[in-house]
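# Notes for the structure review
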Amino acid sequence: MNANVLFRSFQEKFQLCIEERTTPTLASQIRVEDMCQDEAQKLGPKEDEKEWKMPFFDRDHHLAYTFADLSKCPTYLDASRPWLCYWSVHSLNLLNHTFSHDMKSKIVTFLKTCESPEGGYGGGPGQIPHLAPTYAAVLALATLRCEEALASINRETLANFLRSVHQTDGSYIMHTGGEVDMRGVYCALAVAKLTKILDQSMIENTPEWIISCQTYEGGFGGEPGTEAHGGYTFCAMGALTILGKAKLAEKDSLLKWLSNRQMRFEGGFCGRSNKLVDACYSFWQGAVFRLIDMELEKEEQPTLGLAFDTRALEEYLLICCQDPRGGFRDKPDRPRDLYHTCYGLSGLAVAQSYDESKQLILGGEAACLPPIDPVLNITAESETFASSYFERLLSR
Amino acid sequence: MSEGTEVKSSPFYRDRDDWADITPILPTPEENTIVRIDAGEAFVDAFSYLRAVLQKKEISERCFQLTNDCIQLNAANYTVWQYRRDLLKALGHDLKAELRFIGDIIMENPKNYQVWHHRRTLVEWIGNPGDELDFTAAVFDDEPKNYHGWQHRQWVVRHFHLVGQREIDYTTKLLLEDSYNNSAWNYRYFILQLWEKIDHKETLDIEINFCKQIAGKLTHNESVWNYLAGLLISGGLISRPDVIEWAEKLYSETENRAHYLVSFLLDIEMEKIEEGLDGGLIHVTRAKQFCKELEEIDPVRTNFWRYQQALAENKHEKQILHAQQHP
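As recorded in an unreviewed UniProt entry, chain B goes by the name Protein farnesyltransferase/geranylgeranyltransferase type-1 subunit alpha, listed as coming from Mesorhabditis belari. According to its UniProt record, chain B has this under Sequence similarities (unreviewed entry): "Belongs to the protein prenyltransferase subunit alpha family."

The name that an unreviewed UniProt entry assigns to chain A is Protein farnesyltransferase subunit beta, with the source organism given as Mesorhabditis belari. Quoted straight from UniProt, the Sequence similarities (unreviewed entry) entry for chain A says "Belongs to the protein prenyltransferase subunit beta family."

## What to know about the interface of chain A and chain B
At the junction of the two partners, chain A supplies 80 residues and chain B supplies 73 residues. Summed over both partners, the interface of chain A with chain B buries about 6500 Å², with 51% contributed by carbon and sulfur atoms. Its largest share of buried area at the contact with chain B, chain A owes to A:Glu19, A:Thr75 and A:Tyr216, together 13% of the area lost on that side. Here chain A is connected to chain B by 5 salt bridges. Close ionic contact of B:Glu222 with A:Arg261 constitutes a salt bridge, the shortest N to O distance being 2.7 Å. Where chain A touches chain B, the interface holds 50 residue pairs in polar contact (both at pLDDT 80 or more). Only α1 (24–41), α2 (59–71), β1 (72–73), α3 (81–94), α4 (101–114) and α11 (251–259) of chain A provide two or more residues apiece to the side of chain A that touches chain B. With 6 residues, the single largest contributor to the side of chain A that touches chain B is α4(A). Here the side of chain A that touches chain B is composed, by residue class, of 31 nonpolar, 28 polar and 21 charged.

## What about empty space enclosed by the protein?
Throughout the structure, instances matching the rule amount to 4 cavities of 30 Å³ or more. Among the elements of the structure, α7 (147–159) and α9 (182–194) of chain B are those that each provide at least two residues to the lining of the second largest cavity.

## Overview of helix α7 (residues 155–165) of chain A
Every buried residue of α7(A) is accounted for by A:Arg155, A:Thr157, A:Leu158, A:Ala159, A:Phe161, A:Leu162 and A:Val165. Taken together, the buried residues of α7(A) touch α5 (131–143), α8 (182–194) and α16 (380–395) of chain A.

## A short note on the environment of A:Glu250
All names here are of chain A. Its location among the elements puts Glu250 in the loop between α10 (230–243) and α11. Relative accessible area serves as the criterion here: at 40%, Glu250 is assigned to the partly exposed category. Sequence spacing of Glu250 and Phe289 is 39 residues, and the spatial spacing of their C-alpha atoms is 14 Å.

## Observations concerning the layout of surface pockets
Rolled over the atoms, a probe sized like a water molecule indicates the empty space that remains. Quantified by volume, the second largest pocket comes out at close to 850 Å³. In this structure, the second largest pocket is lined by 35 residues; those nearest its centre are A:Glu250, A:Asp252, A:Ser253, B:Asp267 and B:Glu271. Counting residues per element, the ones that place at least two in the lining of the second largest pocket are α11 of chain A together with α11 (222–231), α13 (259–275) and α15 (302–325) of chain B. Among the elements that take part in the lining of the second largest pocket, α13(B) stands out by supplying 9 residues, more than any other. Taken together, the residues of the lining of the second largest pocket break down into 14 nonpolar, 11 polar and 10 charged.

## Considerations on the UniProt feature "domain: Prenyltransferase alpha-alpha toroid" (unreviewed entry) in chain A
Per the UniProt record, "domain: Prenyltransferase alpha-alpha toroid" (unreviewed entry) is found at residues 57–378 of chain A. Secondary structure over residues 57–378 of chain A splits into 48% helix and 2% strand, and the C-alpha atoms at its two ends are 21 Å apart.

## A look at the packing of helix α14 (residues 281–297) of chain B against α15(B)
Residues and elements named next belong to chain B. Interaxial distance between α14 and α15 falls to 9 Å at its minimum, and their mutual angle equals 175 degrees. Between α14 and α15, the angle is such that the two are roughly antiparallel. Between α14, through Leu281, Val284, Ala287, Lys288, Cys291, Lys292, Leu294 and Glu295, and α15, the contact on the second element is made entirely by Thr302, Trp305, Arg306, Gln308, Gln309, Ala312, Glu313 and His316. Within the contact of α14 with α15, the residues separate by chemical class into 7 nonpolar, 4 polar and 5 charged.

Parameters and conventions
Residues numbered from 1 in each chain as written. Chains lettered and ligands numbered in written order. Predicted model: local features only at pLDDT ≥ 70, side-chain atom pairs only at ≥ 80, totals over all residues. Heavy atoms only, no water. UniProt positions renumbered as here; feature names shortened; annotations may be inferred. Contact = heavy atoms within 4.5 Å. Buried area = accessible area lost by both parts, 1.4 Å probe. Salt bridge = Lys/Arg side-chain N within 4 Å of Asp/Glu carboxyl O. Polar contact = N/O pair within 3.5 Å; in protein donor to acceptor, adjacent residues only side chain to side chain. Helix = DSSP H or I, 4+ residues; strand = E, 2+ residues; numbered from the N terminus. Nonpolar A, V, L, I, M, F, W, Y, C, P; charged D, E, K, R; others polar. 1 Å grid on protein atoms, 1.4 Å probe; cavity = no way out; pocket = protein on both sides within 12 Å on 5 of 7 lines; lining within 4 Å. Points joined across faces, edges and corners; volume = space filled by probe spheres on them. Buried < 20%, exposed > 50% of the residue type's maximum accessible area, 1.4 Å probe, protein only. Axes fitted to C-alpha atoms, helices over the stretch in contact; angles between N-to-C directions. Parallel < 35°, antiparallel > 145°, perpendicular 65-115°, else oblique.

Here you go:
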């Protein structure tokens, strides 16, 4: 490959260093680096050209793809339908789409059919309430920025549901009879915080339980003792931030682990040590830098400022993760889906948030996304609308 | 279960005499305004009967059979699994048979939360660890970093007090196959903690030696550096001069320096600054040198290394202030 002056990522000298024999981990890492290099090469000059092409943010195709996929649900996601709503509407919101009244009303109507009489939301109509679709439903409704959507949430039964799944050790089970892990804590606290129903009974022993999941590597696992993982680390730090207890996390090791998750060749983030890059961690890991900064600011400590290589992340997302037909994918050999579209775009928004002038955004003005709230992952505008709505509700 | 697979063997429930007493609950137009299920008739048919019997909380053999079909259609439906557990208990089914059933489903869907939770619950009900260690080992043969599998093995070992040398040996075997398997390192750490051996000098000596053997050859392997630092969390890196000496030697002898190695030495300097060793200043200078080098060899983390540089100065100032106030 030619000396690749255009990009910060995909530099030959930062390719994997094999010191001895190859292993399954190294073999898969080499494969991914090669496919990323191929994607970058596609922007190289053709026969008669001299210039490299700049990566292009394919907004129109992303909009079209996200819209098309909001209409249907594959069978394996039959118990995650509110997730499909959230991934779509949040992606559309990031793409500056204005929702029609008809669309808003369809979303509100559908999500109401997922709300359980016991409170909270199930993965579809007639399913028992579960914390993950509850989080997805409430966030999808908040994204819409309309009172009808927020008014459709039954806050009283929601609070009952949250209390029913809170455990004495501080953790949360995902549903009655369900599993415990860090997702539960985050999903519960995020919806409670947003709808302003958070009370002491929901957080008894919870900060302690969260901290017990921080590992020797610095990141957080899903349960005490399990491996540090990007998704659970976001959930842990998001939950601690909501509780105002982020100072309990051991920051030095967390920051080191987190920084090491950015891949030196590909530019994107991986989820765990010695694992492969994946577009979704652009948000799960990227947002945690923001959460750490919020805490440092609170403690009146010097903030991180620009904490990771935002340009390298933008390059990974724009060059390696855009499907030519719209939507984002985990990595070049994986199919696009709404999950990776949502978290690819959200990660891009985090990266762009460090450039206040918006002058240096990769892909130019066309790629510019609105700011997001890094705790909840809805746009700042949607967060403000929802917060002030529930604030007014309380003062009535 | 791959997308769109349909059960061919069973006829539609709506055509079956033994289900004639049940009125299926079909999706209403409101339930299909968006994200409409893209499914064939068999899917809609089975789930509409499931919804009906769930609503009337029916406990019967036919409902148990129905959950078989529904799981084949979508193994990620947690409501079906929860109902199935209620049925298993109420009907007094053979739990060992259920364990075999879930074993097959896990092998087809190894990255699904529901199936692993179902297995954990069954093992808990059965009350003995049975073949769980072999079962997870079989899962790791296909995918040595399967998060759910490791989480399950940890639960089994903790719940049934199976901690011991056998588990350490198991991770040694996996790490000899692929020392980049971070899940195996994490599990090794977990075992030592549960065994309450992590702070024993004897254990530390063995583990540090193991790390040196691997990190000495594979300096670009993050997992081993994290594990080594993890072993020394309670005492600090500076509690082991032998480790410092080894790392310094590795540094001076290595040309293509992995940033993990330089970063390890930086962490040692940071500790020395915090402790105010040698007046501190000499260590601030050295820390800054390491940060400069790291910016060169690991530019993707330039911002982090610059922050570390500022942190070194910051820690030094704090330490001086502290020393003045507590002479």
